[in-house]
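Inside the fold
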Number of protein chains: 2
Amino acid sequence: MALAPERLPQTREERLNALHAIDTDVHQDLPPGGAKNLLPYLARTWHPLVESGLGFAARGWHNMGSGRMEDSVNEKDNLCAGDPDWVLDKLMRKYRVDIGILTGTQIGVGIQHNTPFLAALTSAYNDFVRDHWVRPYDCYKGSIVITPQDPEAAVAEIHRLGNDKGFVQVLMSSAARIPYGNRIYWPIYKAACDYDLPVAIHVGAEGTGIANPPTSVGYPSTYLEFHSDHSQTMMGHCTSMLTEGVFEELPNLRFAFIEGGVVWAPSIIGRLDRTYRAFKAEVPWLKQLPSEYLVGHLYWSTQPIEEPTDDPQHLLDLLEMMHADRTVIFATDYPHWDFDNPMTAFSHFPASLRRRIFVDNVVDYCGPRILESHR
Amino acid sequence: MALAPERLPQTREERLNALHAIDTDVHQDLPPGGAKNLLPYLARTWHPLVESGLGFAARGWHNMGSGRMEDSVNEKDNLCAGDPDWVLDKLMRKYRVDIGILTGTQIGVGIQHNTPFLAALTSAYNDFVRDHWVRPYDCYKGSIVITPQDPEAAVAEIHRLGNDKGFVQVLMSSAARIPYGNRIYWPIYKAACDYDLPVAIHVGAEGTGIANPPTSVGYPSTYLEFHSDHSQTMMGHCTSMLTEGVFEELPNLRFAFIEGGVVWAPSIIGRLDRTYRAFKAEVPWLKQLPSEYLVGHLYWSTQPIEEPTDDPQHLLDLLEMMHADRTVIFATDYPHWDFDNPMTAFSHFPASLRRRIFVDNVVDYCGPRILESHR
């Protein structure tokens, strides 16, 4: 069931004002059958690699309850989020989320074995999501999932789907073997900018496939440790993005850290700004302090946000240090165990900051198409 | 030239009050000839591995000026800190540092090739430092450098030197292949606790020898990036130390992060506390919130501290969130390029916090022997 387009406000201003929340991290699932649903979208040569199971390395860190929030399992198919109407009911309407940006379950394709297969699988997945989720529902916006381990294939995929207004970002795995500021990735960012699309990275595939261990010092022992270590993957990319000069090369590039924590950012910019003053000669492409590239370029999704034990004000202090009124975007991570309820999250924040995080910053991040009907 | 012992105050209280600053990171160097100075301390079988150069992997990231601060080079031998009297003059007296904890230049032995050689080299190095720096000078305190890649050898080295009051900590490289909370290292911590010695880890060997890449997503491109990424190595170990239960096993264990940044700690504890509530069953050995293990167990050295560009108050806010009045210890990193001058550093801090950082927290960290004469 789709939201009737005639009910949507008509001007950009009206549409913006009508929004309560945009969720930047909705993990829609494949229906029963899993990856076999992708077979109609996939060249026959690759079918054996899907029919016998994808063969992706399992993560191995035990997250109790398969990572699903308690009331998110559809009894009909024992899936969390395999049915768009069900998600419409259980997430969008229940929690007053107006727009959900779909991040799915295949982000890790960028860091598995067999690159040509992964590129084909990624295209099939994007097509499936377009046909079954994006096209029929104006409230769902797609991500162009790519395989950054093969920049050429990734660029081709962006060009293939970039004009489709139903896709509002490019999405890749934070697990990687080369930090994302590196020049080998710049063609990907150039392609994204050609369509005014931002690029997001999302955690979860750390330590799987062809990835490095999840930390620079090896493998964690528990899911608790693994989960917390995700911030470090993001930090490696963040430092790289801020030092390699990509934002000078592509001034319209917008880049988001999804589900990798938030308030580690102040430590990075304090560190980089200080060190930059001594090592300017090494990075002549930078034209300003590393911290000055944050606003307008880097975004952090809220879930999971580091909630201080001692004093809730600490979180607000940390957010101020990273210009959260321009850099932080809302996410529930539905239907995972650590879902943030948009009706109650950040209730102690000033209303103006909440508004920036829940709506305005996401609109800045995605650009104008997030407010448009794509049907 | 040694400080005359008769000038030292006699009671613990008097000694404590007489102190202005304890520097937890003084990189004394070997004299001209480098590692060949260690030959008299080393079994003949290993001599060829020293005479032909140590063969340690060079770091490859260019840090202009070889990492030395401008006025730190002794013209006599073109060394920074190869002569204890020279350091007495150029660091200790010039900047009113009362006690310097020696961290040296061989910390990376824990992550190079050929473990048995490294264990022998480490013992030779510790003996050299004892004879030439620690024994003649009450103001210099040694670190027992160990090879944590071989826990048994590391334990033996701690037992060999642990009763020498001139050594005030165990020291190992932050570059590692297994996070330091892991049980394979617990015999090392047990041995340290047997002598009431704390354990410190120090950055710099990331990406060399048998180490993983310096980040979980691969190799940085510049020294600016490499230097900033050191925080992530520390964070991987910090998360591991807080989740693996070692502080329940060894309630007297004290552990310090040297030269790895400071104010990333609030993001770790906020993250871990929140996640811990959902995953208690996975870590039944923890008896309290991860953040509650900080005070009394974990310490961060100040240099390099992340100085905010926008507002100096931000640093104080961040320090409060990590209980800096009990967890942060002073360091200059002499004679490296990013030396912090103890006469001027943190002048905007409250006097009571400065006192904790410059003296009291270091005394808590090292234990009673830091106040005693060892000559």
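Quick note: structure is the one above.
Now for a quick tour of the structure.

What counts as what
- Residues numbered from 1 in each chain as written.
- Chains lettered and ligands numbered in written order.
- Predicted model: local features only at pLDDT ≥ 70, side-chain atom pairs only at ≥ 80, totals over all residues.
- Heavy atoms only, no water.
- Contact = heavy atoms within 4.5 Å.
- Buried area = accessible area lost by both parts, 1.4 Å probe.
- Salt bridge = Lys/Arg side-chain N within 4 Å of Asp/Glu carboxyl O.
- Polar contact = N/O pair within 3.5 Å; in protein donor to acceptor, adjacent residues only side chain to side chain.
- Helix = DSSP H or I, 4+ residues; strand = E, 2+ residues; numbered from the N terminus.
- Pairing = 2+ DSSP bridges.
- 1 Å grid on protein atoms, 1.4 Å probe; cavity = no way out; pocket = protein on both sides within 12 Å on 5 of 7 lines; lining within 4 Å.
- Points joined across faces, edges and corners; volume = space filled by probe spheres on them.
- Nonpolar A, V, L, I, M, F, W, Y, C, P; charged D, E, K, R; others polar.
- Buried < 20%, exposed > 50% of the residue type's maximum accessible area, 1.4 Å probe, protein only.
- Core = buried A, V, L, I, M, F, W, Y, C linked by side-chain atoms within 4.5 Å.
- Phe/Tyr/Trp six-rings, centres within 6.5 Å; stacked < 30°, edge-to-face > 60°.
- Lys NZ or Arg CZ within 6 Å of the ring centre and 35° of its normal.

At the junction of the two partners, chain B supplies 74 residues and chain A supplies 74 residues. Between chain B and chain A, a total of about 5,900 Å² is buried, with carbon and sulfur atoms accounting for 60% of that surface. Linking chain B to chain A there are 4 salt bridges. We note a salt bridge from arginine 274 of chain A to glutamate 307 of chain B, for which the minimum N-O separation is 3.2 Å. Where chain B touches chain A, the interface holds 28 residue pairs in polar contact (both at pLDDT 80 or more). At the level of secondary structure, the elements contributing two or more residues to the side of chain B that touches chain A comprise α7 (223-243), α9 (265-279) and α10 (313-321) of chain B.

Our focus in this paragraph is the sheet that holds strand β5 (residues 199-202) of chain A. All names here are of chain A. Taken in spatial order, the 8 strands of this open sheet run β1-β2-β3-β4-β5-β6-β7-β8, and their pairing is parallel. Looking along the sheet, the strands with just one partner apiece sit at the ends: β1 (22-26) and β8 (328-329). For β1 and strand β2 (residues 99-102), the ladder comprises 3 bridges, and the chain directions are parallel. Following the sheet pairing, aspartate 23 is matched in β2 by glycine 100.

Turning our eyes to something else, we now look at empty space enclosed by the protein. Across all of its chains, the model carries 7 cavities of 30 Å³ or more by this definition. Considering only enclosed or pocket space, the largest cavity measures out at about 130 Å³ in volume. Among the secondary structure elements, those contributing two or more residues to the lining of the largest cavity are α10 (313-321) of chain A together with α9 of chain B. Top element by residues in the lining of the largest cavity is α9 of chain B. It accounts for 4 residues. Per-class residue counts for the lining of the largest cavity are 6 nonpolar, 5 polar and 3 charged.

Right, let's get into the pattern of salt bridges. As enumerated under the stated definition, the model contains 28 salt bridges over all chains in all. Here aspartate 340 of chain B and arginine 274 of chain A are joined by a salt bridge, their closest N and O atoms 3.0 Å apart. With aspartate 340 of chain B in the loop between β8 (328-329) and α12 (351-366) and arginine 274 of chain A in helix α9 (residues 265-279), the pair connects residues from two separate chains. For aspartate 340 of chain B, a relative accessible area of 9% puts it in the buried group. Classification of arginine 274 of chain A as buried rests on a relative accessible area of 15%. Linking aspartate 127 of chain B and arginine 130 of chain B is a salt bridge whose minimum nitrogen-to-oxygen distance equals 3.1 Å. Here the residue aspartate 127 of chain B and the residue arginine 130 of chain B both occupy positions in helix α4 (residues 115-134), the gap between them amounting to 3 residues, near one helical turn.

If you look at the biggest cluster of nonpolar residues, it comprises 248 residues, and the most contacted ones within it are Tyr189, Phe255 and Trp300 of chain A together with Tyr189 and Phe255 of chain B. Once residues lying within four places of it in the same chain are set aside, the contact partners of phenylalanine 255 of chain A are Met172, Tyr180, Tyr189, Val199, Ile201, Met241, Phe247, His297, Leu298, Tyr299 and Tyr365 of chain A.

Once that is clear, we can look at the packing of aromatic side chains. Across all of its chains, the model carries 40 aromatic pairs over all chains by this definition. When the ring of tyrosine 189 of chain A is compared with that of phenylalanine 255 of chain A, the centres are 6.0 Å apart and the planes differ by 90°; the resulting orientation is edge-to-face. You can see tyrosine 189 of chain A sitting in helix α6 (residues 186-194) and its partner phenylalanine 255 of chain A sitting in strand β6 (residues 255-258), a full 66 residues away along the chain. Between tryptophan 337 of chain A and phenylalanine 279 of chain B, the ring centres sit 4.6 Å apart and the planes meet at 90°, which makes this aromatic pair edge-to-face. Of the two residues, tryptophan 337 of chain A sits in the loop between β8 and α12 (351-366) while phenylalanine 279 of chain B sits in helix α9, which places them in two different chains. Note on phenylalanine 279 of chain B: relative accessible area 2%, which makes it buried. Among the aromatic side chains, those forming a connected cluster through ring pairs are Tyr189, Phe255, Phe257, Trp264 and Trp300 of chain A. The ring centre of tryptophan 285 of chain B lies 5.0 Å from the NZ or CZ of arginine 183 of chain B, which sits over that ring.

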